[in-house]
Amino acid sequence: MRERPATGGLMVGNWEHRGSGGFILDPTIPAERYVWRAPKSLGGYLFRFECPNDGTPRRFHSVDVLEAWKQGEPAFDHANRMCQLGLKLLAQWEVAFRQWFDAAPQAEAGYEGKEMPTRDNLAFLLAIFESRREGRALVTRRLDRGEEFFDKKNEPDDTLVPGVSLEDAQREQLRSSRQFIDHVTKTVSSRRDRVAPSVQPTLELSLSESPMRTPLDHLLVEGTLRRPTSSGPPSFSAITQGVAQAIINGLNVEADSAFIQQNIEDFRHFTLRLLRAFFQKKDRFPAWLRQEREKGLVRLLPASSGNGEAERDKARRFYRRLLWTAHEAMSRCYGVAALLMWMDFTDSELILPSPEEKQLFRNLHAPVAYAGGLPLSFFAPGALRWIVEPLIEDWLLCGAGEQFDRMTELLNIYGVVAEDRRKWDRSNKDRKRHQRGYADHNPQTTDIETLEGNDGSPLHQRVRVDEATPGYDGGEEAYPELSPSHPCCCRCGGSLTLLDSRGENGARQAYVINGESLLVEAECLAPSCGLATTYRVRLNEGAC
């Protein structure tokens, strides 16, 4: 990229020393305490830092981020404050940079076809971004038990990690999550083409592949410059595709974007409803959005098609893609705030940082290319556990961009494993519910069943009806049948009693499969057995 514009004349914040004490992660290590105060005209935001006195180069850590990670929580509050600060500057910086960019000799078409969000639209995306702590959109899985990386088949090669297989002996050795993650990290690192520092010509990732990014992002995102490797540099869209699912459950940026294009009118209706609610409800918007999410967001779609499950899936895909757009937009706001902070850091006569410390500060606090242009504070601690140790190694080496490519692969692996584990757990939970006689899938398909209340009077109750029976492990044949010829008889020969599973008003709960069978849960009365089993009773036939 050509020479970048001077930054003189911009607003200036202030660094202050606030004494010393024990480092937040290890009180036995002495640390110096600092604060950075943003310009008063931007609200005077104050951010705390600690610099441990355990060697050089000095590392300036955000106290708010470390406190959150120490408690096992994402650094949401810190990220929100940085985005709120950057939102006040982004539109202004974009206009100024575009004027310089377009007037530069041999100007590239970096802004061609770009229509960036206005400040009002950025405020809307900030509200979507800040609501991410509600619901289950984000990947927050810690994966803190070694057994979570395996399925339950007990086969030699049954890890949930793509491209990593284990022998039985290795599986026994890697009992803890930390041991397993270290093994995966070494495996990924051994596959990577690590290039030693040299005089090879550098190239720069094209961040403008993303619709949300412009040439300004080459100032906001760290790690875009890199030396060529034998495998060639990854495209920024490929990095984004790999990292996104480590942030948002089930997100596939390319597939969900294509889905939106196929349903563009419905998506416009969906986003317009959200925009109207944001501008009309203002402070009540977060509560309104929480309520809509609890109802599956289907009320934001056009008129119902009659297929409830398809509508829920469409709303989920619309919302998670919009949430990713909010993450990208807010990473740009965050990047503006981080760049302003870094410029004050480099010019500080109080700190007088070395060149290595300036680079390390950017690596720690700026949005980074290997994370899809996002800052590390956007990620949950579960994801960061996969990259923290190799990151420390590369940070201290002050490596070039390509040295961090393995972080992209590790974040991608974390997202895949967390999603697979989530699907397995959900499937296992549904299976256990069905085995207890409950039907939890396909809840939108219901029927009215007349049952008998405690006083013998008929009660009408809505029951769930399954038409496809995908969650019953093979349908109704997965359950033993109680036939009229052998009523109420356990397989051990003992007598059965129906378990009293009653709902409101004393009505016995019953769930119908294909309108032909009834699932009931019964327990054997034989002391030597006592087995509780879900049985299948054919309707219109006598039983028990």
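Residues numbered from 1 in each chain as written. Predicted model: local features only at pLDDT ≥ 70, side-chain atom pairs only at ≥ 80, totals over all residues. Heavy atoms only, no water.

**Looking at the environment of P57**
In plain terms, the rule: The helix and strand labels rest on DSSP assignments: H or I over at least four residues marks a helix, E over at least two residues marks a strand, and numbering proceeds from the N terminus. Contacts were defined at the residue level, with two residues in contact if any of their heavy atoms lie within 4.5 Å.
You can see P57 is positioned in the loop between strand 3 (46-52) and strand 4 (61-62). Linking P57 and K358, residues 301 residues apart in sequence, is a C-alpha distance of 9.5 Å. Beyond its immediate chain neighbours, meaning those up to four positions away, P57 contacts E356, E357 and L360.

**Some points on the packing of aromatic side chains**
Applied cut-off: Each aromatic pair joins two rings of Phe, Tyr and Trp (for Trp, the six-membered one) with centres within 6.5 Å, and gets the label stacked for planes under 30 degrees apart, edge-to-face for over 60, and tilted for any other angle.
Tallied over the full model, the rule gives 23 aromatic pairs. Relative to F60, the ring of Y34 lies with its centre 5.4 Å away and its plane at 55°, an arrangement referred to as tilted. In this pair, Y34 is assigned in strand 2 (residues 26-37) and F60 in the loop between strand 3 and strand 4, connecting sequence segments 26 residues apart. Where F124 meets F278, the ring centres are 5.7 Å apart and the plane angle is 65°; that geometry is what we call edge-to-face. Note that F124 is positioned in helix 3 (residues 119-130) and F278 in helix 9 (residues 264-281), a separation of 154 residues in sequence.

**Some remarks on the pairing of strand 2**
Definition in use: Note on pairing: DSSP must find at least two bridges between two strands before they are called paired.
Strand direction decides the pairing type here: strand 1 (residues 14-23) and strand 2, joined by eight bridges, are antiparallel. Across the sheet, S20 pairs through a bridge with E32, a residue of strand 2. Counting the residues that bridge the hairpin from strand 1 to strand 2 gives two residues. Bridge count between strand 2 and strand 3: seven bridges; the pairing is antiparallel. Residue pairing for strand 3: E32 is matched across the bridge by C51.

**Quick word on the packing of helix 9 against helix 10 (residues 285-294)**
Heads up, the rule is: Here, axes are lines fitted to C-alpha atoms. For helices the fit covers the stretch in contact, and angles between N-to-C directions go from 0 to 180 degrees. Charged residues are taken to be Asp, Glu, Lys and Arg, nonpolar residues to be Ala, Val, Leu, Ile, Met, Phe, Trp, Tyr, Cys and Pro, and polar residues to be all remaining types, Gly included.
Interhelical geometry of helix 9 versus helix 10 gives an angle of 145° and a closest axis separation of 9 Å. Mapping the contact onto sequence places R273, L274, A277, F278 and K281 in helix 9 and F285, W288 and L289 in helix 10. Grouping the amino acids of the contact of helix 9 with helix 10 by side-chain chemistry returns six nonpolar, no polar and two charged.

**A few points about helix 8 (residues 253-262)**
Along an α-helix, residues three or four positions apart point the same way, because every turn accommodates 3.6 residues. Going by this rule: We call a residue buried when its accessible area falls under 20% of the maximum for its residue type, exposed when it is over 50%, and partly exposed in between, using a 1.4 Å probe and counting protein chains only. Think of the arc as the fan of directions from the helix axis to the C-beta atoms.
Of all the residues in helix 8, the buried ones are V253, D256, F259 and I260. Projected down its long axis, helix 8 carries its buried residues within an arc of 130°, all on one side. Relative to its buried face, helix 8 has exposed residues pointing more than 90 degrees away, namely E254, Q261 and Q262. Buried positions along helix 8 lie against helix 7 (236-244), helix 9 and helix 11 (308-347).

**Some remarks on the environment of G242**
Here G242 shows up in helix 7. Along the chain, G242 and N412 lie 170 residues apart, while their C-alpha atoms are 4.9 Å from each other.

**Examining the pairing of strand 3**
Summarising burial for strand 3: five of the seven residues are buried, a large majority. When strand 3 meets strand 4, the two strands line up antiparallel, connected through two bridges. Paired with E50 across the strands is H61, a residue of strand 4.

**A closer look at the confidence of the model for the chain**
Applied cut-off: As a per-residue quantity, pLDDT reports the predictor's confidence and falls between 0 and 100.
Residues with a pLDDT of 70 or more make up 67% of the chain, whose mean pLDDT is 77. Taken element by element, the predicted model of the chain shows its lowest mean pLDDT in strand 8 (residues 458-466) (40) and its highest in strand 3 (96). pLDDT under 50 marks residues 1-9. Its contacts with residues more than four places away, or in other chains, come to 19 contacts.

**Topic: the sheet that holds strand 4**
Here we have four strands laid out as an open sheet, ordered 1-2-3-4, and antiparallel in their pairing. Two strands bound the open sheet, and with one partner strand each, they are strand 1 and strand 4. The strands that helix 2 (residues 76-103) touches are strand 2, strand 3 and strand 4; relative to strand 3, the one it contacts most, it runs at about 125°.

**As for the pattern of salt bridges**
Which entries qualify depends on this criterion: Put simply, a salt bridge is a Lys or Arg side-chain nitrogen that is within 4 Å of an Asp or Glu carboxyl oxygen.
All chains considered together, the criterion is met by 24 salt bridges. Of the charged contacts, one joins E94 and R332 as a salt bridge, the two residues approaching to 2.7 Å between their closest N and O atoms. Pair noted here: E94 is in helix 2 and R332 is in helix 11, with a separation of 238 residues, a long-range link. According to the relative accessible area criterion, R332 is buried, its value standing at 3%.

**Considering the side chain of H218**
Quick note on the threshold: Pairs of N or O atoms within 3.5 Å make up the polar contacts considered here, provided that, within protein, one atom can donate a hydrogen while the other can accept it, and that residues adjacent in sequence are counted only when both atoms are side-chain atoms.
Here H218 lies in helix 6 (residues 217-220). A polar contact is formed between the side chain of H218 and the side chain of E204, at a distance of 2.8 Å.

**Some remarks on the nonpolar core**
Let me state the cut-off plainly: Here the nonpolar core consists of buried residues drawn from Ala, Val, Leu, Ile, Met, Phe, Trp, Tyr and Cys, with membership extended through side-chain atoms lying within 4.5 Å.
Core analysis: the biggest nonpolar cluster contains 113 residues, and M330, F378, F379 and W386 have the highest contact counts within it. Among the elements that make up this core, the one with the highest residue count is helix 11 (19 residues). Apart from the residues lying within four places of it in its own chain, the contact partners of M330 are C83, L122, L125, L126, F129 and F378. In terms of nonpolar packing, the next biggest core, distinct from the first, is built from five residues, I24, A31, V63 and L66 among them.

**A short note on unusual backbone geometry**
In the Ramachandran plot, K282 falls in the positive-phi region, its phi being about 50° despite a non-glycine side chain. Note on placement: K282 falls in the loop between helix 9 and helix 10. On the basis of relative accessibility, which here comes to 55%, the residue K282 falls in the exposed class. The backbone of L297 sits at a positive phi, close to 65°, despite the residue not being glycine. By secondary structure assignment, the location of L297 is in the loop between helix 10 and helix 11.

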